[in-house]
Amino acid sequence: MKLPPLSAILADAHVVSIPLRVRFRGITTREATLFRGPAGWAEFAPFPEYGDVEASAWLASAVEAAWKGPPPALRDVIAVNATVPAVSAARVPDILARFAGARTAKVKVAEKGQSLAEDVARVNAVRELIPNVRVDANGAWTVSDALRALDALLQHGPLEYVEQPCRTVEELAELRQRLDGAVRVAADESIRRADDPFRVVEAGGADVAVLKVAPLGGARRVVTIAERLGEAGIPVVVSSALDTVVGISLGAATAAALPVLELACGLGTTQLLADDVGPPMEWAEGGLRVGPGTVDELALRRLAASEECTKWWRERLTRCYTVLATQA
């Protein structure tokens with residue numbers, strides 16, 4: 001789509017800083033820029049370590065959402081997994097209590113500074129409350145590490161899949177071959193941070209594809225990618241990147257637009273935020289009811305980032321806009 005003027009984006013842009021309930025992905029505060037267009041609110045929140053070219057895909061997604069809105073929905077409710085950070089096993093019941101009715105849980109493992117025994121204890125604590133469990137290593141394991149860890153985890157019960165167990169496509173393909181069907185391998189970073197999102201599947205490195213809307217450039221691109229993966233027999237999971245209610249609503253709308261959606265989506269991460277920019281989406285039947293994210297002006301003021309942080313994000317958004325304008 002044609003880019004709106006940068007001035008139109010920045011005119012109603014708000015930078016927020018939201019505390020987390022627990023440490024997640026190594027952070028305790030989530031920052032995001034929200035802006036409004038003719039179709040509603042949108043969120044621009046690439047993690048700080050992403051360069052401008054990679055982060056520009058997040059801006060493309062936000063601009064599409066604000067000026068065009070989501071694609072037409074085919075369903076009203078999206079099944080969502082509970083998300084369990086790398087907490088102690090004793091804290092698991094409190095975490096899961098925030099995901100009433102969830103039938104699937106995704107558990108973070110391979111956290112730096114933690115042991116495999118802690119991972120096993122956490123996963124087992126989840127299994128006592130939600131039997132369908134998937135784990136996410138965020139690329140932290142080598143192939144040998146993954147085989148050892150999965151052997152320990154599988155001794156206590158099955159796993160729906162292991163998400164991004166290793167960093168590279170080549171490692172994922174080798175691991176998948178050596179597992180020989182013992183557990184499915186899902187690709188996340190190898191899709192959303194790749195120049196070619198299909199390479200990992202073509203290389204034999206994934207049984208499941210995890211798709212995040214913002215990093216992949218927008219809802220319509222995700223629908224197109226999902227349709228092509230479906231033709232190859234690869235189911236998809238629409239997931240979030242620790243989004244506010246605005247980003248989560250776009251993820252849910254995108255999942256609602258997919259012709260086939262077999263697996264629970266990873267769109268429950270707002271439960272990890274201690275506050276949000278608007279009222280939470282309605283939780284229904286172990287999932288989310290699809291609808292637009294609403295922004296509360298009082299929340300924007302309450303969560304407003306510092307002047308220095310706001311300046312940093314506005315400058316970053318401007319640089320990413322320049323990348324998109326160059327590509328147009």
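Residues numbered from 1 in each chain as written. Predicted model: local features only at pLDDT ≥ 70, side-chain atom pairs only at ≥ 80, totals over all residues. Heavy atoms only, no water.

Let's shift gears to the side chain of Ser190. When you line up the elements, Ser190 lands in helix α7 (residues 189-192). A relative accessible area of 7% means that Ser190 is categorised as buried. Within polar-contact distance, the side chain of Ser190 engages the side chain of Gln164 at 2.9 Å. Filtering out sequence-adjacent residues up to four positions away, Ser190 remains in contact with Gln164, Arg167, Thr168, Val169, Leu172 and Val200. (Helix = DSSP H or I, 4+ residues; strand = E, 2+ residues; numbered from the N terminus. Buried < 20%, exposed > 50% of the residue type's maximum accessible area, 1.4 Å probe, protein only. Polar contact = N/O pair within 3.5 Å; in protein donor to acceptor, adjacent residues only side chain to side chain. Contact = heavy atoms within 4.5 Å.)

Next up on the list: the UniProt feature "domain: Mandelate racemase/muconate lactonizing enzyme C-terminal" (unreviewed entry) in the protein. Taking the UniProt record as the reference, the feature "domain: Mandelate racemase/muconate lactonizing enzyme C-terminal" (unreviewed entry) is found at residues 93-182. Taken end to end, residues 93-182 is 43% helix and 13% strand, and its first and last C-alpha atoms sit 28 Å apart. (UniProt positions renumbered as here; feature names shortened; annotations may be inferred.)

Turning to the UniProt feature "active site" (unreviewed entry) in the protein, a few remarks are in order. Feature annotation in UniProt assigns "active site" (unreviewed entry) to the following positions: Lys108 and Lys212. Looking at where Lys108 falls in the secondary structure, it is placed in strand β6 (residues 104-108). Separated by 2.6 Å, the side chains of Lys108 and Asp136 make a polar contact. Mapped onto the elements of the fold, Lys212 is located in strand β10 (residues 208-212). Excluding residues that lie within four positions of it along the chain, Lys212 makes contacts with Glu163, Asp188, Arg192, Val222, Ser239, Ser240 and Ala241. A polar side-chain atom of Lys212 sits 2.7 Å from a polar atom in the side chain of Asp188.

This part covers the sheet that holds strand β4 (residues 77-79). The three strands lie next to each other as β4-β13-β12, forming an open sheet whose pairing is antiparallel. Edge strands, defined here as strands with exactly one partner in the open sheet, are β4 and β12 (283-284). One ladder, built from two bridges, connects β12 with strand β13 (residues 287-289); its direction is antiparallel. Following the sheet pairing, Trp283 is matched in β13 by Leu288. (Pairing = 2+ DSSP bridges.)

We now examine helix α12 (residues 307-327). Three or four residues apart is the spacing at which side chains of an α-helix point the same way, because the helix has 3.6 residues per turn. Under the 1.5 Å per step criterion, the end-to-end length of α12 is 31 Å for 21 residues, consistent within 8% with the ideal 30 Å. Of the positions making up α12, those classed as buried are Cys309, Trp313, Arg316, Leu317, Cys320, Tyr321, Val323 and Leu324. Looking down the long axis of α12, one finds its buried residues gathered within 155° of arc, a one-sided arrangement. For α12, exposure combined with an orientation more than 90 degrees from the buried face picks out Glu307, Glu308, Lys311 and Thr326. (Expected span 1.5 Å × (residues − 1). Arc of directions from axis to C-beta.)

Moving on: the side chain of Asp207. For Asp207, the location among the structural elements is in the loop between α8 (199-202) and β10. By relative accessible area, which is 18% here, Asp207 ends up buried. Among the polar contacts made by the side chain of Asp207, one reaches the side chain of Arg176 at a distance of 2.7 Å.

On to the sheet that holds strand β3 (residues 40-44), then. Strand order in the open sheet formed by three strands is β1-β2-β3, and the pairing between neighbours is antiparallel. Looking at the sheet topology across the chains shown, the edges are occupied by β1 (14-24) and β3. Across the sheet, the mean angle separating the axes of adjacent strands is 35° when strand polarity is ignored. Bridge count between β1 and strand β2 (residues 27-37): seven bridges; the pairing is antiparallel. Its bridge partner being in β2, Val16 is matched across the sheet by Ala32. Strands in contact with α12 are β1, β2 and β3; relative to β2, the strand with the most contacts, it is inclined by about 55°. (Axes fitted to C-alpha atoms, helices over the stretch in contact; angles between N-to-C directions.)

A word on the state of the cysteines. Overall, the coordinates contain zero disulfides when judged by the stated rule. For Cys309, which is in no disulfide, the shortest distance to another cysteine sulfur is to Cys320 and amounts to 15 Å. (Disulfide = S-S within 2.5 Å.)

Looking now at the domain arrangement of the protein. According to the domain assignment, the protein contains domain 1 (6-68 + 303-327) and domain 2 (77-289). If you average the C-alpha positions of domain 1 and of domain 2, the two centres end up 23 Å apart. With 27 residues of domain 1 in contact, the opposing surface of domain 2 contributes 30 residues. Of the roughly 2,600 Å² buried between domain 1 and domain 2, counting both surfaces, carbon and sulfur atoms make up 62%. By the criterion of area lost to domain 2, the three top residues of domain 1 are Arg21, Val22 and Phe24, representing 26% of everything that side buries. Glu54 is paired through a salt bridge with Arg193; the nearest N and O atoms lie 2.6 Å apart. Run the count over domain 1 and domain 2 and you get twelve residue pairs in polar contact (both at pLDDT 80 or more). Only β1, β2, β3 and α2 (52-67) provide two or more residues apiece to the side of domain 1 that touches domain 2. At eight residues, the largest contribution of residues to the side of domain 1 that touches domain 2 is made by β1. Class assignment for the residues of the side of domain 1 that touches domain 2 results in 18 nonpolar, one polar and eight charged. (Domains from an automatic or database assignment. Buried area = accessible area lost by both parts, 1.4 Å probe. Salt bridge = Lys/Arg side-chain N within 4 Å of Asp/Glu carboxyl O. Nonpolar A, V, L, I, M, F, W, Y, C, P; charged D, E, K, R; others polar.)

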